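Structure assessment
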Amino acid sequence: MERTVLAAIAERPDADTALAEQVRRVGAAMGRLGVQLRWTYRVQDALAVIGSDASLAGMLADWDAPGAEQSLDAVLRRFRGLPVFLMTAEQELPLWVYEVIQGFVFPLEDTPDFIAGRIVHATEEYADRILPPFFRALRDLQDHHQYSWHTPAHAGGVAFLKSPVGRAFFDFYGERLLRTDLSISVPELGSPLEHTGPVGEAERNAARVFGAERTFFVMNGNATANRVVGHHAVARDETALVDRNCHKSLQHALTISGARPLYLVPERNGLGLAGPIPPAALDPAALRARLADHPLAETDPVYAVITNSTYDGLCYDAVRVAELLGESVPRVHFDEAWFAYARFHPLYARRYGMAVTEETLPGPRRPTVFATQSTHKLLAALSQSAMLHVRPAERAPVDYERLNATYLMHCSTSPLYPMIASLDVAAGMMDGPSGPYLVGEAVTEAVRFRQAMVRLAGRIREDGRRPDWYFGVWQPPHVTEPGTGRTVPFAEADPVRLAADPACWVLEPGAAWHGFQGLSDGYCLLDPVKVTIVCPGADAVAGTLGWGIPARIVAAYLRRRGIVVEKTGDHTLLVLFSMGITKGKWGTLIDALTDFKRAYDDDLPLAEVLPGFGPPAATLRRFCTEVHERLRALGLGELVNEIFTDLPEQVRTPADSYQALIRSRTERVPLDRLAGSVSAAIVVVTPPGIPMLMPGEAAGPADGPLITYLRALEEFDRCFPDLATDIHGAHRDGDGRYHVEVEVR
Ligand SMILES: *Cc1c(COP(=O)(O)O)cnc(C)c1O
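Keep in mind it's a predicted model, so treat the numbers as computed, not measured.

Turning next to the site of the ligand. The environment of the ligand is formed by Gly221, Asn222, Ala223, Asn226, His247, Thr307, Asp335, Ala337, Trp338, Ser374, His376 and Lys377. At a separation of 2.8 Å, an oxygen atom of the ligand approaches a polar backbone atom of Ala223. Take His376: an N or O atom from its side chain is 2.7 Å from an oxygen atom of the ligand. In the complex, 81% of the free accessible area of the ligand, which totals 380 Å², lies under the protein chains. Going through the elements one at a time, helix 10 (221-233) and helix 14 (375-378) are the ones with two or more residues in the shell around the ligand. If one sorts the elements of the shell around the ligand by residue count, helix 10 sits on top with four residues.

Structure below.
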């Protein structure tokens, strides 16, 4: 690791004093030992280095430097155990300072070489100490440069060097990655299949960091983690309660296990967003009534799975959900694909699976909790790296050997060690003060962006030269101050409070801005880092409005500007503020939205704004209006509500439907032959991203909501092929007609 030592000194680096001269010599001596000294003499510079330079491995702090206490405090909040050496003649320091510092240096009494040697030695120890267990073992092994006689056949990359194509690959990735791509037969690293050695240690470390009793590192994504849990927690023909807003991998889990699902249906709002499953739908009496009517369910439910947070950043009070569901099932699984950071910031207290503990939910009704996370989605890890966390309760004990037997069914016997290292490092990065610091940074940037968007509206209005700003952000318009009870507009709220107080982000029951029904106090929170930008044309309560700008056109414009959003709805765009966000990156987004609006206000030709897109003769404004009016006329929002108010009838379990599929007792039919058939596919339109048809479910009559809806989408896509709907499970033919896989009749 490259190592830097921060010097926070009372004098400038070129000062003509004995002290400065001596520190310059210390810096030169460090340089000879391969460590760089970064000299600051203003507190804001010291703070900027502490906040941004992760190669910091030590600090030389002058107690007389301006803001010395502030700098030390910042070090404490960002790093654990960073060696700090203090220069001072003072005898009595505040007690906490003694806890931060590693020792004192006396620049005018000790030699520069001695001081430099002492600090550099401490930085070496520090750089070694911070490594998590597996990554350390991998690195140590790498340092020994063993010859390998085992798989993978590239033997540390050497095989690639024998061909020009291989050489190009080798040069592209570099030797390191290939040297650490080792066979599972390397004993020094332990086994990820038996959870032994450094891998086992790394999993135990991750369990501590993420608050689990036991953690499994999962390769091949959170999709695999979901399949493992579903395959283990519910047996054939047993009943499972399944969030209808679930990822495909959970349908796979149901197929593999042979479970019989009862779906829990989330709320929707007028913007087309999926909300939470309301608490009343989790109530035991309500569930019993639905089970009594269920065409396939035969047993009491044994397992429930909930998506938390949703794609759009809605997170449950997980403790409350576990309490409610615990009345009906002994095992609750939270799919936290987008939520691995939740434990590391006070905003999300109680809102993630591993927060359900003996302390937060005492008593015999606490269920065993599983949480599955795509570590790679919102923490720093290689793609496909995921974790499965377990916190068992007495009523549904987890036998880890048996759980491991299921895990092995979904694992390769040749795991990729660099991926395991990245999981280990992701846990290491979240450990100690670093986790809250990194998540806090993302939250702070998101809050800045959210406030800037609202302020921009005010500034354009005051300026008066342009029509009003029309891009909104989906968030509470007001925030209530805790002391006074006064409500202040969102843009004027204290950003520090917005970044720290969950009360600012809770969906108050009945509030118009979110438009969801049936919520209770504190049940659901909007995660500030998942930002939904709202284009004109839809309202959370009223649905589609008379005038509007379809988000798909805005997204196409942004793409042309090099900005790719996470998800596009009819009138919404989702952007994520992850740990990879750099300060002010969002300025570019605001700039592009402003430019879009200028082009719209000036009614520029579409061919100029989006060359090669849409009808060549149109202007941007006319095109937006035409598309919006079509969306409105098709009444998609209302149709979606109908679909989810009355779910399709379940004819067969997902497992039985799958048997038909692999034995070719299914065919692809166009929409005009869909009526009365049983689906063999999962059909999902994003948004809302909730499956409208699962394998084994009836498509309903030709004039039913489902087929009417699919027809409307098909018509829209045929009119505007550049803006085609994001639909899975319906295949478009060359004519733009949808075809769905159904059972042969
Ligand atoms: C992405 C996702 C998954 C699957 O995770 P991968 O890591 O991509 O395999 C599971 N559940 C949800 C809700 C997701 O969004």
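So, on to the packing of helix 19 (residues 551-560) against helix 20 (residues 586-601). Where helix 19 meets helix 20, the closest approach of the two axes is 10 Å, and the angle between their N-to-C directions is 120°. Judged on the interaxial angle alone, helix 20 and helix 19 are oblique. Once helix 19 is placed against helix 20, the crossing between them reads as right-handed. In contact with Ile553, Val554, Tyr557 and Leu558 of helix 19, helix 20 contributes Leu589, Ala592, Leu593, Asp595 and Phe596. Taken together, the residues of the contact of helix 19 with helix 20 break down into eight nonpolar, no polar and one charged.

Moving on: the sheet that holds strand 6 (residues 214-218). Pairing within the open sheet is mixed, and its seven strands lie in the order 6-13-12-11-9-7-8. Two strands bound the open sheet, and with one partner strand each, they are strand 6 and strand 8 (260-264). Between one strand axis and the next, the sheet turns by 20° as a mean value, whatever way the strands run. The pairing of strand 11 (residues 331-335) with strand 12 (residues 368-373) spans five bridges and is classified as parallel. Looking at the pairing, Arg331 lines up with Thr368 of strand 12. Set on the sheet, helix 9 (residues 197-210) makes contact with strand 6, strand 12 and strand 13 (386-391); between it and strand 6 the angle comes to about 120°.

Our next topic: the state of the cysteines. Taken as a whole, this structure holds zero disulfides when the rule is applied. With no disulfide of its own, Cys246 lies closest to Cys524 among cysteine sulfurs, the gap being 18 Å. For Cys246, a relative accessible area of 8% puts it in the buried group.

Now for the pairing of strand 2 (residues 36-40). For strand 1 (residues 4-8) and strand 2, the ladder comprises five bridges, and the chain directions are parallel. Within the sheet, the bridge partner assigned to Ala7 lies in strand 2 and is Trp39. What joins strand 1 to strand 2 is helix 1 (residues 18-32), and the crossover it makes is right-handed.

Here we come to helix 19. In terms of residue burial, helix 19 counts as a mostly covered element, since eight of its ten residues are buried. Restricting attention to buried positions, one finds in helix 19 the residues Ala551, Arg552, Ile553, Val554, Ala555, Ala556, Tyr557 and Leu558. Where helix 19 is buried, its residues touch strand 21 (567-568), strand 22 (572-576), helix 20, helix 21 (606-609), helix 22 (620-634) and helix 25 (705-719).

Time to look at the sheet that holds strand 3 (residues 56-62). Pairing within the open sheet is parallel, and its five strands lie in the order 2-1-3-4-5. Each edge of the open sheet is held by one strand with a lone partner, namely strand 2 and strand 5 (103-104). Alignment of strand 4 (residues 84-87) against strand 5, held across two bridges, turns out to be parallel. Pairing of Phe85 across the sheet is with Gly103, part of strand 5. Docked against the sheet, helix 1 engages strand 1, strand 2, strand 3 and strand 4, running at close to 150° with respect to strand 2. Contacts between helix 3 (residues 68-78) and the sheet are confined to strand 3 and strand 4, with strand 3 contributing the most and set at about 160° to the helix.

To continue, consider the pattern of salt bridges. Taken as a whole and judged by the stated rule, the model has 42 salt bridges. Across the salt bridge formed by Glu327 and Arg365, the nearest N and O atoms sit 3.2 Å from each other. With Glu327 in the loop between helix 13 (318-326) and strand 11 and Arg365 in the loop between strand 11 and strand 12, the pair connects residues that are 38 residues apart, well separated along the chain. Owing to a relative accessible area of 41%, Glu327 belongs among the partly exposed residues under this scheme. Judged by relative accessible area, Arg365 falls into the partly exposed class, the value being 42%. For Asp570, the salt bridge is made with Arg552, and the minimal N-O distance between the two is 2.7 Å. Of this pair, Asp570 sits in the loop between strand 21 and strand 22 while Arg552 sits in helix 19, placing them 18 residues apart in sequence. Residue classification places Asp570 among the partly exposed positions, given a relative accessible area of 23%. In this structure, a network of salt bridges that share partners links the residues Arg466, Lys597, Asp601 and Asp602.

A few words now on the UniProt feature "modified residue: N6-(pyridoxal phosphate)lysine" (unreviewed entry) in the protein. When the UniProt feature table is mapped onto this chain, "modified residue: N6-(pyridoxal phosphate)lysine" (unreviewed entry) is found at Lys377. Discounting residues that sit within four places of it in the chain, Lys377 has contacts with Ala337 and Trp338.

The next subject is the nonpolar core. Nonpolar side chains tend toward joint burial in soluble globular proteins. Membership of the largest hydrophobic core comes to 172 residues, with the highest contact counts inside it found for Leu325, Tyr348, Phe471, Phe596 and Tyr709. Sorting elements by how many residues they give to this core places helix 17 (residues 434-463) first, with twelve residues. The residues contacting Phe596, other than those within four sequence positions of it, are Tyr470, Phe471, Ile549, Ile553, Val554, Tyr557, Leu620 and Cys624. One finds Val218, Cys246, Leu388 and Val684 within the second-largest nonpolar core, a separate group that totals 30 residues.

All right, on to empty space enclosed by the protein then. Within this structure, the stated rule accounts for three cavities of 30 Å³ or more. In this structure, the largest cavity encloses a volume near 60 Å³. The wall of the largest cavity is formed by Tyr341, Tyr348, Leu378, Val439, Ala442, Val529, Phe577, Ser578 and Met579. Mapped onto the domain boundaries, the lining of the largest cavity takes at least three residues apiece from domain 2 (220-411) and domain 3 (436-628). What the second largest cavity holds in volume is close to 50 Å³. The wall of the second largest cavity is formed by Ala8, Ile9, Thr40, Tyr41, Arg42, Val43, Ala46, Ala65, Pro66, Gly67, Ala68 and Ser71. Where the lining of the second largest cavity is concerned, the elements lending two or more residues are helix 2 (43-52) and helix 3. Here the residues of the lining of the second largest cavity sort into eight nonpolar, three polar and one charged.

Criteria and thresholds
Residues numbered from 1 in each chain as written. Predicted model: local features only at pLDDT ≥ 70, side-chain atom pairs only at ≥ 80, totals over all residues. Heavy atoms only, no water. Near = heavy atom within 4 Å. Polar contact = N/O pair within 3.5 Å; in protein donor to acceptor, adjacent residues only side chain to side chain. Areas by Shrake-Rupley, 256 points an atom, 1.4 Å probe, with all protein chains shown as cover. Helix = DSSP H or I, 4+ residues; strand = E, 2+ residues; numbered from the N terminus. Axes fitted to C-alpha atoms, helices over the stretch in contact; angles between N-to-C directions. Parallel < 35°, antiparallel > 145°, perpendicular 65-115°, else oblique. Left-handed = near helix turned anticlockwise from the far one by under 90°. Contact = heavy atoms within 4.5 Å. Nonpolar A, V, L, I, M, F, W, Y, C, P; charged D, E, K, R; others polar. Pairing = 2+ DSSP bridges. Disulfide = S-S within 2.5 Å. Buried < 20%, exposed > 50% of the residue type's maximum accessible area, 1.4 Å probe, protein only. Right-handed = clockwise from strand over helix to strand, strands pointing away. Salt bridge = Lys/Arg side-chain N within 4 Å of Asp/Glu carboxyl O. UniProt positions renumbered as here; feature names shortened; annotations may be inferred. Core = buried A, V, L, I, M, F, W, Y, C linked by side-chain atoms within 4.5 Å. 1 Å grid on protein atoms, 1.4 Å probe; cavity = no way out; pocket = protein on both sides within 12 Å on 5 of 7 lines; lining within 4 Å. Points joined across faces, edges and corners; volume = space filled by probe spheres on them. Domains from an automatic or database assignment.

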